[in-house]
Amino acid sequence: MGTRTLFHLREEEQKEERQQSLQMSSTTRKKFKTSEEEETFSPSELSIAAALALTSEISQDYKLRREAAILELEQRGQKRVRFGNEMEKLEKEVIRNCRLLRARADRKALRRKAVEKARVEKEYMELRSGRAPMFWIPLRVHAVWERMEVTLACTVLASPPPHVTWYKNGVRIDPRLAPAGKYRIKNKFGMLTLHISRCSMEDSAEYSVEVKNQYGEAYSFATVLVRKYYGKESGFDSEIYRRSLKAREADFAFPLKPLFSREKEPFTLSCYFSSDLLEHQQDITWFRDGELLQSSECRELKYQDQEASLTVSCAYKEDEGFYTIRVPSLDGYKEQTTYVFIRDAAAETAGAPGAPLNVKCHDVNKDCLMLSWVAPSDNGGSPILGYYIERCVAGSEDWVPCNEKPVKTCRYPIVGLAEGQTYQFRVKAVNKNGISHPSKTSDPVTTYDPSKDKRVTVIPYDEGRTIEIFKDDLEGHIKIPLPPTNVHASEVREDYVALAWDEPDPRGREPLHYYVEKMIVGSNSWQMVNLDTPANSPRFALFDLVKGKSYCFRVRSVNKYGISEPSLPSEPITAGATLATLPPPSQVLAFRDTKTSVVLQWDKLKDGLEPLGYYIYCRETGTEEWETVNNKPVTCNEFTVPGLQPGKEYVFCVKSVSEAGLSESSPETDPIVVRPAIACPSAPHGFVLLSCGKTDMTIGWKPPKRKGGAKILGYFLDQHDPSEPDWHEVNIQPIPQRVYTPKLSSHPHKTRTTQGCTINNNLFAFLNPKVSNLEEGHLYEFRACAMNMAGVGEVSEPSDLFKCEEWTMPEPGPPYDVRCSEVRDSSLQLRWEAPRYTGAGPVTGYYVEMCEEGSEEWKQITQRPIATTHMKVSGLETGKCYIFRVKALNKAGTGPPSLPSDPVVAKTKPGTNEIELGVDEEGFIYMAFEAPEKNDSSEFIWSKDYEGPPDADRVQIEEKGNKSKLILKDPSEKDLGVYSVEVTDVDDDISASCTLTKEVIKLLSGWNIDVLEKGEVRLWLEVEKLSPNAELHLIFNDKELTSTPTHKINFVKGKGLVELIIQNFCDDDKGTYTAQLQDGKAKNQFTLILADECFAKVAEEAAAKRREWKKKQGPHFIENLKWKVTENCEVLLTCKATNLRKDTSFQWFFNKKARAGGVFDPQTGIGTLCIKKITKADEGQYKAVVSDDRGEDYTQLDLTKGAFEDLLKELCRLSEVTEHTTLHETNSEVLTLTGYSNQHREKKLESRDRLKAGSTMNQIWLHILNPTDADKGKYTLELFDGNKSYKLSTDLSGQAFEDALAEHRRLKEAAVAEKCRARVVQGLPDVATIMEDKTLCLTCCVSGEPYPEITWFKNEKVIIFKDRYKMDVKGTVVTITIEKVCNEDTGKYSIYVKNKYGSETGQVTISVYKHGEIPTGMEE
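Structure report, in brief. (Residues numbered from 1 in each chain as written. Predicted model: local features only at pLDDT ≥ 70, side-chain atom pairs only at ≥ 80, totals over all residues. Heavy atoms only, no water.)

**Points about the pattern of salt bridges**
For the structure shown, the criterion picks out 59 salt bridges. A salt bridge links Lys880 to Glu852; its shortest N-O distance comes to 3.2 Å. Residue Lys880 is located in the loop between strand S56 (870-873) and strand S57 (881-890), and its partner Glu852 is located in strand S54 (residues 845-852); the two are separated by 28 residues in the primary sequence. Glu1400 is the salt-bridge partner of Arg1317, the closest N and O atoms lying 3.3 Å from each other. Placement of Arg1317 in the loop between helix H10 (1294-1316) and strand S89 (1319-1322) and of Glu1400 in strand S97 (residues 1398-1409) is noted, with a sequence separation of 83 residues between them. Judged by its relative accessible area of 22%, Glu1400 falls in the partly exposed class. Salt bridges sharing common partners tie together Arg1141, Asp1143, Asp1188, Asp1189 and Arg1190. (Salt bridge = Lys/Arg side-chain N within 4 Å of Asp/Glu carboxyl O. Helix = DSSP H or I, 4+ residues; strand = E, 2+ residues; numbered from the N terminus. Buried < 20%, exposed > 50% of the residue type's maximum accessible area, 1.4 Å probe, protein only.)

**What about the environment of Tyr1275?**
In this fold, Tyr1275 is placed in strand S87 (residues 1273-1280). Placed 15 residues apart in sequence, Tyr1275 and Thr1290 show a C-alpha to C-alpha distance of 5.4 Å.

**A few points about helix H8 (residues 1092-1111)**
Compared with the 28 Å implied by 1.5 Å per residue over 20 residues, the 28 Å span of H8 between its first and last C-alpha is a close match. Three or more residues of H8 are buried, namely Phe1095, Val1098, Ala1102 and Arg1106. Buried residues in H8, looked at end-on, bunch into an arc of 70 degrees, giving them a common side. Exposed and oriented more than 90 degrees from the buried face of H8 are Glu1093, Lys1097, Glu1100 and Arg1107. (Expected span 1.5 Å × (residues − 1). Arc of directions from axis to C-beta.)

**Here's the deal with the sheet that holds strand S32 (residues 539-542)**
Picture the strands of a sheet paired through backbone hydrogen bonds; they go either parallel or antiparallel. One open sheet holds the three strands; their spatial order is S28-S29-S32, and the pairing between them is antiparallel. At either margin of the open sheet sits one strand with a lone partner, and together these are strand S28 (485-492) and S32. Looking at each pair of strands side by side, their axes are set apart by 25 degrees on average, direction ignored. The sheet contact formed by S28 and strand S29 (residues 497-502) spans five bridges and is antiparallel. For Val492, the partnering residue across the bridge sits in S29 and is Val497. (Pairing = 2+ DSSP bridges. Axes fitted to C-alpha atoms, helices over the stretch in contact; angles between N-to-C directions.)

**Describing the nonpolar core**
One finds Trp1007, Leu1019, Leu1060, Phe1065, Tyr1073 and Leu1090 to be the most contacted residues of the largest nonpolar core, which totals 23 residues. If you list the elements that add at least two residues to this core, you get strand S68 (1017-1022), strand S69 (1031-1036), strand S72 (1057-1062), strand S73 (1071-1079), strand S74 (1082-1090) and H8. In contact with Tyr1073, other than residues within four places in its own chain, are Trp1007, Leu1019, Ile1035, Phe1036, Leu1041, Leu1060, Ile1062, Phe1086, Thr1087, Leu1088 and Leu1090. (Core = buried A, V, L, I, M, F, W, Y, C linked by side-chain atoms within 4.5 Å. Contact = heavy atoms within 4.5 Å.)

**As for the packing of aromatic side chains**
For the structure on display, the rule yields 30 aromatic pairs. Taking 5.5 Å as the distance between ring centres and 70 degrees as the angle between the ring planes, the aromatic pair formed by Trp832 and Tyr846 counts as edge-to-face. Linking Trp832 in strand S53 (residues 828-833) with Tyr846 in strand S54, this pair joins segments that are 14 residues apart in sequence. Accessibility assignment for this pair places Trp832 and Tyr846 in one class, buried. Clustering of aromatic rings is evident, with ring pairs tying together Phe260, Phe322, Tyr339, Phe341 and Phe639. Stacked on the ring of Tyr926, the Lys or Arg Lys965 has its end atom at 4.5 Å from the ring centre. Positioned over the ring face of Tyr1194 is Lys1183, at 4.6 Å from the centre of the ring. (Phe/Tyr/Trp six-rings, centres within 6.5 Å; stacked < 30°, edge-to-face > 60°. Lys NZ or Arg CZ within 6 Å of the ring centre and 35° of its normal.)

**Focus on the sheet that holds strand S52 (residues 816-821)**
On the basis of which strands lie adjacent, the open sheet formed by three strands has the order S52-S53-S56 and antiparallel pairing. Of all strands in the sheet, those bounded by a partner on one side alone are S52 and S56. Across the sheet, the mean angle from the axis of one strand to that of its neighbour is 20 degrees, orientation sign disregarded. When S52 meets S53, the two strands line up antiparallel, connected through four bridges. Within S53, the residue paired with Tyr816 across the bridge is Glu833.

**Quick look at unusual backbone geometry**
The peptide bond linking Ser159 to Pro160 adopts the cis configuration, its omega dihedral lying at 0 degrees. Its location among the elements puts Pro160 in the loop between strand S3 (150-159) and strand S4 (163-168). Of the consecutive residues Asp505 and Pro506, the connecting peptide bond is found in the cis state with omega at 5 degrees. For Pro506, the position within the fold is in the loop between S29 and strand S30 (513-520). Backbone geometry at Asn524 places phi at a positive 60 degrees, although glycine is not the residue there. The residue Asn524 is located in the loop between S30 and strand S31 (527-528) in this model. Look at Asp985: it is not a glycine, yet its phi comes out positive at around 60 degrees.

**Focus on the environment of Gln1322**
Of note, Gln1322 is situated in strand S89. Residues Gln1322 and Cys1341, spaced 19 residues apart in sequence, show a C-alpha to C-alpha distance of 5.4 Å. When sequence neighbours within four positions are dropped, the list of residues in contact with Gln1322 reads Cys1340 and Cys1341.

**Quick word on H10**
Counted at 1.5 Å a residue, the expected span for H10 with its 23 residues is 33 Å, and the 33 Å between its end C-alpha atoms agrees. Regarding H10, the residues found buried are Phe1297, Leu1301, Ala1313 and Cys1316. Where the residues of H10 are buried, they touch strand S88 (1285-1292) and strand S96 (1387-1395).

**Concerning the side chain of Ser898**
Position of Ser898 relative to the elements: it lies in the loop between strand S58 (893-894) and strand S59 (904-905). The exposure class of Ser898 is buried, given its relative accessible area of 5%. Residue contacts for Ser898: discarding those within four places in its chain leaves Pro814, Pro815, Val818, Arg885 and Val886.

**Topic: a positive patch on the surface**
Where like charges cluster on the molecular surface, the positive patch consists of Arg104, Arg107, Lys108, Arg111 and Arg112. With respect to the secondary-structure elements, Arg104 resides in helix H4 (residues 84-128). (Patch = residues over 30% accessible without salt bridge, like charges linked within 9 Å, V, L, I, M, F, W, Y side chains within 5 Å. Areas by Shrake-Rupley, 256 points an atom, 1.4 Å probe, with all protein chains shown as cover. Lys, Arg positive; Asp, Glu negative; His and termini not counted. Charge placed at Lys NZ, Arg CZ, Asp CG, Glu CD.)

**Focus on the pairing of strand S38 (residues 613-620)**
Most of S38 sits out of view: seven of its eight residues are buried. Note: S38 against strand S41 (residues 649-658), eight bridges, orientation antiparallel. The residue bridging Ile616 from the neighbouring strand is Val654, located in S41. Bridging between S38 and strand S39 (residues 627-628) involves two bridges; their strand directions are antiparallel. Bridging across to S39, Cys618 finds its partner in Glu627. Linking two consecutive strands that pair antiparallel, namely S38 and S39, is a turn of six residues; a positive phi of about 100 degrees is found at Gly622 within it.

**Digging into the state of the cysteines**
Within the structure shown, the criterion is met by zero disulfides. Sulfur of Cys881: no disulfide; nearest cysteine sulfur belongs to Cys851 and is 9.2 Å away. (Disulfide = S-S within 2.5 Å.)

Here it is as C-alpha cells:
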C-alpha cells in the first residue's frame, strides 16, 4: 500500500513536470509563429468558418483514425508507469524535432509568400502599364433555333480600357436603331457581351467585335446560325407534309391600319385572318415597341372566329406605340405592325396643356426616391410653367401634393417617405391657362434599404436549407458611428441639389441617421440643414439654395450612442444652374408614302446628345394651327405619319424631348402633297387569246392592280415555245396598248432600254408586225411586265398555252377588258370592249352573266341582248362579292365568254364622291367632281352616255387640283343624257355619273344674283318671252313689293326678264323673294331664299364694292405698294395713286410711325421710298397714305418673316448678277459668251437653227426653239474680261425642264389657237341704209383653220335661209342676200363664226326707208 502510494506520488510529480514542459514548449511555440499563423481573421470570417465546421460532414476514415488514436493513448497510459522516463525523453525529442520541422516549414512558407507577392505585383504592374488589346477568350460560333436568344461573349485584356464596337456583317450595330430590346451590349470587367433577343432568320450573320485603344486594336469574329424549327408535335418530318401544312396555313386577310384613340377611352386593335389558324399557328404574340404584351386587368388578348384582338379598357399615352402581331408558321413567323395613336383628353380648362407621361421611380431608398417623367407634346398654346407632383399610398385615392411650387424640369426628388410603405405617384403640367389632367399613375414602389442585401451573407446547405449571417450582428463593438465618406452631388438642377454619400464601414449594429451641414464657399461657417428631420438614407435633397452661389457640404452619422465626426467636405457645388433644352433635329425631310401617309426623316442630334425622343407636328398649308402627330416620343429618326387627307398639302416639324422639356421647332419641311410614292407597277394578269390566224395571234391582258402612283407608259411582252428552253422578247420598245399582235418567231435575244424610263410619243408609234416562220399547231405561252416613270415592274406569271390555229368559227370571239366602275352599295356600271374576231358577221348584241365569288353557277342577267358595250347592273346585295363575264352575239350564234372580271364587292367605299350639279355665278349649268385621290399624271375623263367625250362645242371643262368642272355653254335638249367621269392612273376605281334631264335643266334655271359696281344687288331671272298682257307679282316675306328708288323693279316682257335692283343692301333685305308670273292661263313662280351664309356672302360683297366705289370718288391707289431691288442693290418701294388734286397729301409710315425720305410725284401719282442699305432694322410694316377733303386711301406692305427673307434672297441673287453685269459693261469689247451643256460633255454651244444666242447692254440670252429631251442638261455662261473668266450655271433638267417644256407647249398651243381661230376679217359696214323693195347684199370675209361654222343672227335670233333670205359661201367670202326688203327687215344683223380654237362676231345695223323718204342722218 505504501509502495503504491509512493508510486502514485511519483507519477503525479512526473505529470506536473510534463505539463510544465508542455507549457514551456507551448510558450516557446508562440514566439515562432508560422506565416499562416500571422494571418488575422475578422469576426465575420471566424463565424463563417465556424458555420462551415458545423455543417461539414466527418469522413469515415477520420473516425477510424480517431478511434485508433484513443485506443493507443489508453494503451500508452497503461505503460506509463513502466516507461515513464523513456516517454519523457521521447517527448522532448519529439518537441525538438517539431521545432526543426516548423522552422523549415516557416522558411518555405515565407519563400512561397514572397514569390506569390512578387508575381502579383508583377502582374499588377503589367496591367497598370499601357498595353494593346488582347483577346483572352475570343468569340465562339453559335447555332440557335428561331425565336430563341443568344449571347456572344469574349474576354479582353488591355490598358487603358479599350473602346468597344460590335458589327454585323461589317455594319456597326446601334441598339437605338434596332427594335426596342433587340440588342443589349455590356462591358463589365473586361468581359464583352452582345445579347440578341428573339432571333429570326435575318439574324444569321457574321458578328465581330473591335476593341481599340491608343496602343493598338484587336478583332474577334464568330458566326451565328439561326435555324428554323418546325416542331416535332406533328410527328411528320417529310417535306411533303410541311408543304401541305403550309398550303393550309392561315394568312393575314387585311393589313393592320393605324388606330386613333383618346385618353381614358377604350380601344381594340383587331387583326383578321384568311382562315382558321392551324394548331401550330395558335401561339399568337403581341408586342408594343418590341416589348411582349400579356393579358392583365386593363388589357385583354383574344382570338376568336379568325380574329385576333387586343383590347385596352382605358387608354393612356403610355399605350401609344408600334404594335406588332406575330403568328408562327412553318417558315418561322408572319407578322404585321401598325402604330396606335392616343390623343389628349379634352382639357377641363381651355388652353391647358396635355398630361405628362411615363412617370417612373429611380434610386429608391428608405425615405426618399427620384421621380422622372416626360413632358407632354401639347402645351396648350402657351409655354409650360412647371409640374405639380402628387402621391398616395397604394390602394387609396388620397392624393397628397409633393411640391408647393411648380417644378421646371422633368425630374424631382421625393423626400419624407415612410420606410416599408408602398406609394404611387402622378404628375400634372401647368401653364398660364390652367392645369392639365393628371398623368397615368406610376407603378407601385415600396421604400426599402438598398444596402440591406449587401450586409447579409447567405450560406446554403443540406439541400435547400440556408444560414443567414448579418453583418450588423458582427459589428456590435461599434458604438459611436464613424463619419460617412464620398459626399458628392448626384444631381444639380435649377430647383434642387441632390446629395449622396457612402455609409461608414463598419457601420455598427444600431440604425443610422444623418445630419447635413452646408457652408458658403469662403465663409468657413457651417450650418446644419436638417436638424429637425435627420435623413434615414444616404441621400438628401436641398431646395432653397441661393442661385449662383457655391456651397460645400458635409455629413454626420448619428445613432443612439452619439454623433460622429463630420465627413470630409464635398467639392464646391454651384446652385441654380438652369438645365437647357436640347437643340431641335436638323434636315427634316418629307417623302411620299401612300395616299394617306407621309414618311419623315431627320438627322439625329450631334455632339453625342441623346434625347428622350422626338415629337412630330404637322400643319395643312394655308392654316396656322399645328397638330400633334404623336403623344409619346419616338426614339427613331424616321416615322410614317398616317391619317392625312389625300391630295392636301402639309408641312411638318420635329421637336427634341429631354429632361428640360421640349426644344424649339425644327425648320419646317417643304410643303408636300399627300399622294402615293411613285413605285414600279405590279405585274399584269389575265392573259386571253382574242383572235388567231395561221400566222398571227392577238393577245390581250388586264392592267396591273398596283400602278405605282404613275401613268403606265407601256408594256413589254415575252413569248415562249414549250419546245424551246428560253423565253424571247416580243417587243424592244414598250407598247402602250394592252392588246397586241406579237411576232412569234425565235429571234435572238435583245436588250431592252428605256432611256432612263422617259418615253416620248415616238415609242407609242409601234406597228404590230405579222408573224413569220410560224408553224401551225404550235403552242405558245406569254408573260408581260408594265413600265411607268419609276421603271419596269414585276414580270407576270406565264399565261395558259395558246395554240396557233386559225379561227374559222362563224360565232364571234370573246369580248375583253370586262371592268366595273361606279361601284355602289347596290349597283355598278359594267363596261367591256367588242371582240377582235367577229366571225361570220358583225356583232349584234351581248349577253351578260354574273356569279358570286366562290360559286361556279353563272346566271344570265340580260334576257335580251344589249347593243352597247356598257350596262348598269342594279339590285346587288350590299357587301357581297360578284364576278361578271360577257358573250358576244351575231347572226351565227353566241360566241365564247370573255375572261371573267376581277371580283368586286358591292359596297360604297368611304370617301366616295358624286357629281355635283348646279348653276354657277354666271348662270351656267355645271357638273363638278372632286377626286378623293389623284396622282400627278392622273386625268379626268368625261364621257356622255358612255360613248365618248361630250361635244367640245357644247361644253367647257375646267380642272383645278383634285376638282374637275364640266360647264354647259348653252343647255338644250341636245345636252340631255348620262354624263360620267373617271380618274385615270389610280389603283382604286374613282368614277361617278349624273343624268341630265329636262326637269333638271328647268329646275336649275331660276333666280340669279349679281353685285353691281356701286354695291347695288341685282336679283334677276329670265324665262321665255311673254306676251304684253303678262303679269308679275314680286313677293318679299309675304308682302308684295312695288318699284321704289331703293328697290327698283324692271319687268321686260319681250325678253322674259324680271329684275330687282336693291340700292343699299342690308339686314332688312334678308328673307324670301318669290316672283309670280302669269301669262294668260299659264302660271309659274320662282323662289329665292336669301339667308344665313348666302345672305352674308352677298352682303359682304356688296359692302366691299360699295366701299371701293366710294373710295374711287376721292384719291385712291391703283397700284399697291410693292418692292423692287435695283441694279445698285438698293430696295425701292413704289406705289401709284390717281384722282389727285393740288391739295392732296401723301405720307409714308413704318411700323405705324411717320417715315421721312419718301418721294411723291403729283403729276404721275407715283410714290417711291428708297432704302439704300437694308438691315434687320428695316424689317416691318410699310404704309403709304393719300388723302384730301374727299377721302383717304392707303396701301400696306408687310416686310416681315418670309417676305423679308424673299427680299434678301432677291438682293443676294441680284448682287451676283450685278457683279457679272458690271464686268460686261466695262469690258464689252473683249467679252466672250460661251454656253456649255453637260449632256454634250462640256461642248461649246453655237447659234444654229434651234439655238439662238445674243446679248444687249443689259442682258445675255440663249433661246432654245422647239425644245426636246436632248436639250436637258447643265448650261454654263462664261464671261471673260481679258484677265479673268466668270461663270454662271443653271441646271435645266428634272422638274425645271418639265416646267419649261410645259410652258413652251402652252404658249405654242395658244399661238396656234390665235392663228387658227375663226375670225370675221373684213367687209361688213357698221350701218347700211336701203330703200324698200330693193335687194340687199351683205358680203364679208372669214378665216380659220379648220373652216369655221357660220351662223347669221337678226336681233339675236338665228336667221333661217328660205324664201327671201339666201346665203352664199365661196371660199372665204360669205354673202347674205335679202330680196325685196321691207320695214320688217330693219334691225341688227350679226355673223357668228366658230371653230375649235375660238369664235368671233361681226355686226351691222340695217335701216330700211320708204320711197320718197330721206334716210335718217342724211337730212343735211
